[in-house]
Amino acid sequence: MTDSRLQSPAAARNRQPILEVLRQVLPDNARVLEVASGSGEHALHCAADMPSWVWQPSDPHPRALASIAAWRQQVSLPNLAAPVRLDVTDLDSWPAAPFEAVVAINLIHISPWAVTETLMALAEECLMPGGVLYLYGPFCRGGLHVAPSNAVFDADLRRRDPRWGVRDLEEVIAEAERHGLTVECLVEMPANNLSVVFRKG
């Protein structure tokens, strides 16, 4: 039988630092929607560490959904929900709200800007008052890359798809504020990445 589980070296490196930030900003009991869950390793790690969180993984791609399901079957965590197909820009694919948190790890730079716009709008709709939108990934600050490696990564993204690219933090914040989401904190992360925590008013 083929093993559908995918493994991401990046997820293995950043899952614990991400979890540490989330534990600081989320309540002990939280319903979390993770968009673009990829391999499912973040969902597995967070649900295993925080059994009082209910973690809803999602992804638009069948291979990712199969990987999440395979990881979930292996560990059998009662608070890790079955993965659902979710395309951020397809409003009908979003699961029933409300959530205490929406988590997007390494999404907005590997997608068109319209994905960020829709993510902010739907986070406003589906988050509880006081809920958190959590973003993780590389960002430009003041229009400039924070490290040479980020500039190289950005150029590679734009070669792959001109609609992709490392986003300017100030533009992301401005888009969030248009939807009632205020920056609560910025946390420097390994490998020149950033955790951006927005709170719904």
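Here, every reference points to the structure presented above.
Parameters and conventions
Residues numbered from 1 in each chain as written. Predicted model: local features only at pLDDT ≥ 70, side-chain atom pairs only at ≥ 80, totals over all residues. Heavy atoms only, no water. Helix = DSSP H or I, 4+ residues; strand = E, 2+ residues; numbered from the N terminus. Rg over C-alpha atoms; globule rule 2.2 N^0.38 Å. Contact = heavy atoms within 4.5 Å. Areas by Shrake-Rupley, 256 points an atom, 1.4 Å probe, with all protein chains shown as cover. Lys, Arg positive; Asp, Glu negative; His and termini not counted. Charge placed at Lys NZ, Arg CZ, Asp CG, Glu CD. Axes fitted to C-alpha atoms, helices over the stretch in contact; angles between N-to-C directions. Parallel < 35°, antiparallel > 145°, perpendicular 65-115°, else oblique. Left-handed = near helix turned anticlockwise from the far one by under 90°. Salt bridge = Lys/Arg side-chain N within 4 Å of Asp/Glu carboxyl O. Buried < 20%, exposed > 50% of the residue type's maximum accessible area, 1.4 Å probe, protein only.

## Notes on the overall build of the protein
Okay, so step 1: Helix and strand content of the protein: 6 helices and 9 strands.
Okay, so step 2: Taking 201 residues into account, the globule formula puts the C-alpha radius of gyration at 17 Å, and the protein, at 16 Å, falls close to it.
Okay, so step 3: At a minimum sequence separation of 6, the contacts of the protein that also span at least 24 residues come to 73%.
Okay, so step 4: On the protein, roughly 9,400 Å² of surface is accessible, and the fraction owed to carbon and sulfur atoms is 54%.
Okay, so step 5: A gap of 5 Å separates the mean positions of the 17 positive and 24 negative side-chain charges of the protein.

## Topic: unusual backbone geometry
Okay, so step 1: Residue Pro98 follows Ala97 across a cis peptide bond; omega there is 5°.
Okay, so step 2: As for its placement among the helices and strands, Pro98 is situated in the loop between strand 3 (84-85) and strand 4 (99-105).
Okay, so step 3: Even without glycine at this site, Ser76 takes up a positive phi of about 55°.
Okay, so step 4: Among the structural elements, Ser76 can be located in the loop between helix 3 (62-75) and strand 3.

## Considerations on the packing of helix 1 (residues 9-25) against helix 2 (residues 41-49)
Okay, so step 1: With their axes 10 Å apart at the nearest point, helix 1 and helix 2 run at an angle of 45° to one another. Classed by the angle they form, the pair helix 1 and helix 2 counts as oblique. Pair helix 1 / helix 2 crosses with right-handed handedness. Along its contact with helix 1, which presents Ala11, Asn14, Arg15, Gln16, Ile18, Leu19, Leu22 and Arg23, the element helix 2 presents Glu41, His42, His45, Cys46 and Asp49.

## A look at the pattern of salt bridges
Okay, so step 1: Per the counting criterion, the structure on display carries 10 salt bridges.
Okay, so step 2: Of the charged contacts, one joins Arg5 and Asp3 as a salt bridge, the two residues approaching to 2.6 Å between their closest N and O atoms.
Okay, so step 3: By relative accessible area, which is 28% here, Arg5 ends up partly exposed.
Okay, so step 4: The class of Asp3 is partly exposed, set by a relative accessible area of 47%.
Okay, so step 5: Two residues, Arg141 and Glu188, come together in a salt bridge whose shortest N-O distance is 3.5 Å. In this pair, Arg141 sits in the loop between strand 6 (139-140) and helix 5 (148-160) while Glu188 sits in strand 8 (residues 181-189), placing the two residues 47 residues apart along the sequence.
Okay, so step 6: Owing to a relative accessible area of 32%, Arg141 belongs among the partly exposed residues under this scheme.
Okay, so step 7: Three or more residues are tied together by salt bridges with common partners; here these are Asp156, Arg159 and Arg160.

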